[in-house]
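Here are the chains, one letter per residue:
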Amino acid sequence: QVQLVESGGGLVQPGGSLRLSCAASGSIFSINTMGWYRQAPGKQRELVAAITSGGSTNYADSVKGRFTISRDNAKNTVYLQMNSLKPEDTAVYYCNADVRLRIGPGGDYWGQGTQVTVSS
């Protein structure tokens, strides 16, 4: 019913930048909060940043001042601009969306994940 497709991951040197994108498609009536999570090997998945449909944002302390989340409601797309990347940012990054469907109850949807590796 809903697909989230992420793009923009890759290998970058410490101090570099990457921009992740996540486009939602399907039988969508509206999307409430959209967010980015990440999971490093051997660690639990954690919230990186989230943004409401009205534009309110929330960030993990570890990324404040370096990452910026934004969204284009007309395109059902959320972005994550990541600057000053550190090796500890290495993880699989997942997109998440709280979706209201045109028909049915809706719910929480996840993308397939995109790998971000920060290494020299």
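Here, the structure is the one placed above.
Attention here is on the structure that accompanies the text. (Residues numbered from 1 in each chain as written. Predicted model: local features only at pLDDT ≥ 70, side-chain atom pairs only at ≥ 80, totals over all residues. Heavy atoms only, no water.)

**Thoughts on the state of the cysteines**
Consideration 1: Tallying each qualifying case throughout the model produces one disulfide.
Consideration 2: Linked covalently through their sulfurs, Cys-22 and Cys-95 form a disulfide whose S-S length is 2.1 Å. On the S-S bond that ties Cys-22 to Cys-95, the torsion sits near -80°, and the link is left-handed. Of this pair, Cys-22 sits in strand β3 (residues 18-26) while Cys-95 is found in strand β9 (residues 91-101), placing the two residues 73 residues apart along the sequence. Each member of the pair, Cys-22 as well as Cys-95, is classed as buried. (Disulfide = S-S within 2.5 Å. Helix = DSSP H or I, 4+ residues; strand = E, 2+ residues; numbered from the N terminus. Buried < 20%, exposed > 50% of the residue type's maximum accessible area, 1.4 Å probe, protein only.)

**What about the packing of aromatic side chains?**
Consideration 1: Overall, the coordinates contain one aromatic pair when judged by the stated rule.
Consideration 2: For the pair Tyr-37 and Trp-110, a centre-to-centre distance of 5.0 Å together with 65° between the ring planes defines the contact as edge-to-face. Taken together, the residues span a long stretch of sequence, with Tyr-37 in strand β4 (residues 28-39) and Trp-110 in strand β10 (residues 107-110) at a distance of 73 residues.
Consideration 3: For Tyr-37, a relative accessible area of 23% puts it in the partly exposed group.
Consideration 4: Accessibility expressed as a relative area gives 36% for Trp-110, which makes it partly exposed.
Consideration 5: A cation sits over an aromatic face here: Arg-19 above Tyr-79, 4.1 Å from the ring centre.
Consideration 6: The ring centre of Tyr-94 lies 3.7 Å from the NZ or CZ of Arg-45, which sits over that ring. (Phe/Tyr/Trp six-rings, centres within 6.5 Å; stacked < 30°, edge-to-face > 60°. Lys NZ or Arg CZ within 6 Å of the ring centre and 35° of its normal.)

**A look at the environment of Gly-107**
Consideration 1: Topologically, Gly-107 is positioned in strand β10.
Consideration 2: Gly-107 sits in the partly exposed class, given a relative accessible area of 23%.
Consideration 3: When the C-alpha atoms of Gly-107 and Gly-65 are compared, they prove to be 30 Å apart, with 42 residues separating the residues in sequence.

**Considering the pairing of β10**
Consideration 1: Where β9 meets β10, four bridges bridge the pair, whose relative direction is antiparallel. Paired with Asp-98 across the strands is Asp-108, a residue of β10. (Pairing = 2+ DSSP bridges.)

**Points about unusual backbone geometry**
Consideration 1: Residue Asn-76 is not a glycine yet carries a positive backbone phi of 50°.
Consideration 2: Take Asn-76: its relative accessible area is 23%, and that puts it in the partly exposed class.
Consideration 3: Residues other than glycine seldom take positive phi values, yet Ser-84 does so here, at roughly 50°.
Consideration 4: Within the fold, Ser-84 resides in the loop between β8 (77-82) and β9.
Consideration 5: We classify Ser-84 as partly exposed; its relative accessible area is 41%.

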